[in-house]
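# Results of the structural survey
Here are the chains, one letter per residue:
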Amino acid sequence: MAETNKEEVASAFVNHYYHLFDNDRSSLSSIYNPTSLLSFEGQKIYGVENISNKLKQLPFDQCHHLISTVDSQPSSMAGGCGGILVFVSGSLQLHGEDHPLRFSQMFHLIPGLQGSFFVQNEMFRLNYG
């Protein structure tokens, strides 16, 4: 996959992910697989069901992500699978809160069937200070 196509995939993924997170968080389970790993504020969560439960149990129902930057790089693993690393920074506006929370998030996307991608690894941190 050409560099430009990977950047387009990364951008489309980011738009899709945060749209689902903000509007239909339970639908995010479709982007993970049984070997996926989420590190959320240092807590490691493995597999589709556990990740989905973590995201559904966050202490807020409504939020809006404002994306500041998206950086992506091709990744190559054994066998040259053609993955993509995606790094996102932005702010998270919670319903009823005056001040947004700054965050950083990383995704490692792996090609799946029929041109789709799934999240193999994800890391999320709030940025304090």
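For the structure itself, consult the block above.
Source: prediction; values computed, not measured. (Residues numbered from 1 in each chain as written. Predicted model: local features only at pLDDT ≥ 70, side-chain atom pairs only at ≥ 80, totals over all residues. Heavy atoms only, no water.)

### Some thoughts on the nonpolar core
Threshold: Throughout, nonpolar core names a set of buried Ala, Val, Leu, Ile, Met, Phe, Trp, Tyr and Cys residues whose side chains join them through atoms within 4.5 Å. To sort residues, take the accessible area from a 1.4 Å probe on protein chains only and compare it with the maximum for the residue type: under 20% means buried, over 50% means exposed, and anything in between is partly exposed. Helix and strand definitions follow DSSP, with helices as H or I runs of at least four residues and strands as E runs of at least two, each counted in order from the N terminus. Throughout, a residue-residue contact means that at least one pair of heavy atoms, one from each residue, lies within 4.5 Å.
Formed by 29 residues in total, the largest nonpolar core has its most connected members in Tyr-17 and Phe-107. Mapped by element, the contributors of at least two residues to this core are α1 (3-23), β1 (32-40), α2 (48-56), β4 (83-94), β5 (101-111) and β6 (117-126). Ignoring any residue separated from it by four or fewer positions in sequence, one finds Tyr-17 in contact with Leu-28, Ile-31, Tyr-32, Gln-105, Phe-107 and Glu-122.

### Regarding unusual backbone geometry
Here Glu-41, not a glycine, exhibits a phi torsion of approximately 50 degrees, which is positive. By secondary structure assignment, the location of Glu-41 is in the loop between β1 and β2 (43-46). The phi torsion at Gln-114 lies on the positive side, around 55 degrees, for a residue other than glycine. Within the secondary structure, Gln-114 is located in the loop between β5 and β6. Given a relative accessible area of 84%, Gln-114 falls into the exposed group.

### Focus: the layout of surface pockets
Convention followed: Detection works on a 1 Å grid of protein atoms alone, calling trapped sets that fit a 1.4 Å probe cavities and calling open sets with protein on both sides within 12 Å along at least five of seven lines pockets, with lining residues defined by an atom within 4 Å of a point. Grid points are joined across faces, edges and corners, and a volume is the space filled by probe spheres set on the points. Side-chain classes are defined by residue name, with Ala, Val, Leu, Ile, Met, Phe, Trp, Tyr, Cys and Pro counting as nonpolar, Asp, Glu, Lys and Arg as charged, and the others, Gly among them, as polar.
Its boundaries defined by the atoms lining it, the largest pocket holds a volume of some 190 Å³. What lines the largest pocket is a set of 18 residues, and nearest its centre among them are Phe-40, Leu-58, Phe-60, Leu-92 and Phe-124. Looking at the lining of the largest pocket, the elements that each hand over two or more residues are α1, β1, β4, β5 and β6. Here the lining of the largest pocket is composed, by residue class, of 14 nonpolar, two polar and two charged.

### Description of the packing of aromatic side chains
How two aromatic rings sit relative to each other is set out by the distance from centre to centre and by the angle between their planes. In plain terms, the rule: Pairing of aromatic side chains requires ring centres within 6.5 Å, counting the rings of Phe and Tyr and the six-membered ring of Trp. Pairs whose planes differ by under 30 degrees are stacked, by over 60 edge-to-face, and all others tilted.
Under the criterion given, the structure shown has nine aromatic pairs. Judged by centre distance (4.9 Å) and plane angle (75 degrees), the rings of Phe-13 and Phe-107 are edge-to-face. Remark: Phe-107 occurs in strand β5 and Phe-13 occurs in helix α1; sequence separation between them is 94 residues. Judged by its relative accessible area of 0%, Phe-107 is buried. Here Phe-40 and Phe-124 contribute two aromatic rings whose centre-to-centre distance is 4.9 Å and whose plane-to-plane angle is 10 degrees, an arrangement assigned as stacked. Here Phe-40 is found in strand β1, whereas its partner Phe-124 is found in strand β6, with 84 residues between them in sequence. We note that Phe-40, like Phe-124, is buried. Among the aromatic residues, those joined into a ring-pair cluster are Phe-13, Tyr-17, Tyr-18, Phe-21, Phe-40, Phe-103, Phe-107 and Phe-124.

### Quick notes on the pairing of β5
Definition in use: When DSSP finds two or more bridges between two strands, those strands count as paired.
The buried fraction of β5 amounts to eight of the eleven residues, a majority that puts the element mostly inside the structure. Bridging between β4 and β5 involves nine bridges; their strand directions are antiparallel. Across the sheet, Gly-90 pairs through a bridge with Phe-103, a residue of β5. Connecting β4 to the antiparallel partner β5 that follows it, the hairpin turn spans six residues, and Gly-96 within it adopts a positive phi of roughly 85 degrees. Here β5 pairs with β6 via nine bridges, running antiparallel. Looking across to β6, one finds that Phe-103 is bridged to Leu-126. The antiparallel pairing of β5 with β6 creates a hairpin that spans five residues between the two strands, and Gln-114 there sits at a positive phi of about 55 degrees.

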